[in-house]
Every structure is written in structure tokens, then in C-alpha cells.
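The residues making up each chain are set out below.
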Amino acid sequence: MKLEETARPKPASDEVLVKTYASGVNIVDCGIRRGGNDILRPYLKLPLTLGWDAAGIIEEVGAEVTSFQKGDKVYGIPNFPGDGSYAEYFVAKATSVAIKPQNLTFTEAAGIPLAGTTAWRGVVDYGKIQPGHKILIHGAAGGVGSLAIQIAKAKGAYVIGTASSHNLAFLKELGADEAIDYRSQPWEKILKDIDVIFDASPVRDNETRIKFVQVLRQGGILVCSQLDFPYAEDVKAALAAKQATGELVGFQTYDSLKEMATMIEEGKLKVTISKVFPLEQVAEAHMENEAGHVRGKLVLEIIKD
């Protein structure tokens, strides 16, 4: 990766041009930097600007855009997986941004969109969470998992989260009813009759998926965030034996951006920013993300907030 001076992008008729204040850093950014996977690769064309978590101020609106005007403070997801927000300006479909929560800084807001919509898809859209449901969130201390805990709690669920030992207190602070050290506690022997399991970990592991099915109730739902890691035949067979559903979180939808903004303003959802880097240190941000065990989100600061 390198910084370059390029022409300022121009919004199409259904797009907005946003002056970037901050951009979140996600593990998918690192994956695309390495060349993507079979699903994403056909969409990737170099040179490519990474970054699909952003907050800033609208600088220009396309001819067909009526929902925003210049000066609106927004947060959202640039055209994934096209050119993104590691830049002073980015363009995005008007439908993929929303008014930024008023009680968040731009830096905080940039940690929400991609991770938040992924969490929402996993817990609400695919997980169909209901009040009283028991949900297990695996990898609950990361960017997606930490938001998934709060979304599930706001929907009235009983939340169990897994993380490494030093993050267990953090899960409790977020609202988890139970926090399990996945390294030292055999959760597959402790838990049973779970309604929904959401795997928010970036680790792709077939054996763990089998364990998930073991602790699901009959007719339960398993949702995994690794779209590029389809369910193996033995996992499908185990799901079928329990009449359970297996889902993979696909490309994002954006309706939840408005709902999450409301939850944030009501104090029901918060983002944890682990560290802020200047844009010039984007390589260091990627290395820290790839090292694993980031609590919450890493963010690039484009303009001082």
C-alpha cells in the first residue's frame, strides 16, 4: 500500500461525494489487500483504494439524490468491494450511508458501519433473534462480535459470548450474561439448547462448526460470518439431523444503519475503538489487525476530529 495524489472522485447520479474524516479498518480489508478470495476476486481491479467503514461530511450529491444535501454528517459503507475510504474523499451510493449518530465523533462513527451491518445481519436478519432466545456469539470481543452482543441484548436475548481470558470482563461490560474463555472452558460440553449461534470470529474451522451444531437446540439457527468458507458436508448433515438452519452472512444491506444510529443515540449501542492511526500509518494498522485479538475496532484518522 502507498499514498498517492489522485483526482477527486465524482459522484454518479445516485451517489454522494463524502469528505472523509475517519475510516474503520476491518479484517476484510487485509484479506482484499492480499488478493481476496474466489468470491471477491472477480470484483477487484487494481489500483484499488481499500476501506469500507467511514464517516464524514457530504461534499456533493448526485443529480438523482434527494435524501441528502451538502454539509450532512454521515456514516456508512462505500461501494464494497470497489474503491473505498482510505482517502480524503470517497463516493458511495446514497442508499449505503445514513446520518451519523449525533452523540458520536466521526472517529467513533467510522468504527460502526461494516462491522455493525454484519452483526445486524447475523443476529437479526439471519438469526431471527427474539426476546428470551439464548444466543451464543463466538469471537465476541472483536469489531463484529462486540456490536452483536449489544444488538442481541437490545432485542431481549440471553447472550453468551466467547473470547480469550483477558476479554471476559469486557464482554460483561457490553452486556453479555455469560462470558466463556474458549481456550480453557469446553463450551461445547457446558452449553446446550442454544437457539441461535453467531460465529463472528475470522477463524475458519470446520471442527468448531460441528461443535456449534452439537449445542444448538432442535430447529436452531447457525450463522457464520465467513462467506468464503461454505458449510462442509458433515456440518450440513449435522444441521439436517437437528432440523437446524445454517446461514452465511453475505453482502451487506444498509437499512440497519438508521436503526443502529437510533440505538446509539438511545444509549443501547456503543463502539469500542481500540486504537487510532493516522492515514500514513495504514500498514501498521493492518499488521495490528492481522495479529488478532483486537478489542473492538481500529480506525484511521483522515482529518482531526
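Figured I'd write up the structure that's included with this text. (Residues numbered from 1 in each chain as written. Predicted model: local features only at pLDDT ≥ 70, side-chain atom pairs only at ≥ 80, totals over all residues. Heavy atoms only, no water.)

It is at 8 Å that the axes of helix 3 (residues 113–125) and helix 4 (residues 143–154) come closest, and there the two elements cross at 50 degrees. Judged by the inter-axis angle, helix 3 sits oblique to helix 4. Here the hand of the crossing between helix 3 and helix 4 comes out right-handed. In this structure, helix 3 contributes Ala115, Gly116, Thr118, Ala119, Trp120, Val123 and Val124 to the contact, and helix 4 contributes Gly143, Val144, Leu147, Ala148, Ile151 and Ala152. The residue makeup of the contact of helix 3 with helix 4, split by class, is 10 nonpolar, 3 polar and no charged. (Axes fitted to C-alpha atoms, helices over the stretch in contact; angles between N-to-C directions. Helix = DSSP H or I, 4+ residues; strand = E, 2+ residues; numbered from the N terminus. Parallel < 35°, antiparallel > 145°, perpendicular 65-115°, else oblique. Left-handed = near helix turned anticlockwise from the far one by under 90°. Contact = heavy atoms within 4.5 Å. Nonpolar A, V, L, I, M, F, W, Y, C, P; charged D, E, K, R; others polar.)

Time to look at the sheet that holds strand 11 (residues 245–248). One open sheet holds the 6 strands; their spatial order is 8-7-6-9-10-11, and the pairing between them is parallel. Pairing within the sheet leaves two strands with one partner each, and these edge strands are strand 8 (178–181) and strand 11. Across the sheet, the axes of successive neighbouring strands diverge by a mean angle of 15 degrees, strand direction being ignored. Both strand 9 (residues 194–199) and strand 10 (residues 216–224) contribute to a ladder of 5 bridges, which runs parallel. The residue of strand 10 that forms the bridge with isoleucine 194 is leucine 216. This element, helix 7 (residues 206–215), spans strand 6 (134–138), strand 9, strand 10 and strand 11 of the sheet and lies at about 145 degrees to strand 10. (Pairing = 2+ DSSP bridges.)

The next thing to look at is the packing of helix 3 against helix 9 (residues 256–265). Between helix 3 and helix 9, the least distance of the axes is 10 Å, while the angle of their chain directions is 100 degrees. It follows that helix 3 is roughly perpendicular to helix 9 by the angle criterion. In contact with Pro113, Gly116, Thr117 and Trp120 of helix 3, helix 9 contributes Ser256, Leu257, Glu259, Met260 and Met263. Considered class by class, the residues forming the contact of helix 3 with helix 9 number 5 nonpolar, 3 polar and 1 charged.

Within the largest apolar cluster, 51 residues are counted, with the highest numbers of intra-cluster contacts made by Tyr75, Val123, Ile135, Ile151 and Leu171. In contact with isoleucine 135, not counting residues within four places along its chain, are Val123, Ile129, Ala152, Ala157, Tyr158, Val159, Ile160, Ile194 and Val196. Core analysis: the second largest hydrophobic core is formed by 18 residues, Leu136, Ile197, Leu216 and Tyr231 among them. (Core = buried A, V, L, I, M, F, W, Y, C linked by side-chain atoms within 4.5 Å. Buried < 20%, exposed > 50% of the residue type's maximum accessible area, 1.4 Å probe, protein only.)

This brings us to the packing of aromatic side chains. The description of an aromatic ring pair rests on the distance of the ring centres and on the angle between the ring planes. Scanning all chains against the criterion turns up 3 aromatic pairs. For the pair tyrosine 21 and phenylalanine 106, a centre-to-centre distance of 4.3 Å together with 25 degrees between the ring planes defines the contact as stacked. Here the residue tyrosine 21 occupies a position in strand 1 (residues 15–25), and phenylalanine 106 occupies one in helix 2 (residues 106–109), the gap between them amounting to 85 residues. Each of the two residues, tyrosine 21 as well as phenylalanine 106, counts as buried. Lying over the aromatic face of tyrosine 158, lysine 134 brings its terminal NZ or CZ to 5.7 Å of the ring centre. (Phe/Tyr/Trp six-rings, centres within 6.5 Å; stacked < 30°, edge-to-face > 60°. Lys NZ or Arg CZ within 6 Å of the ring centre and 35° of its normal.)

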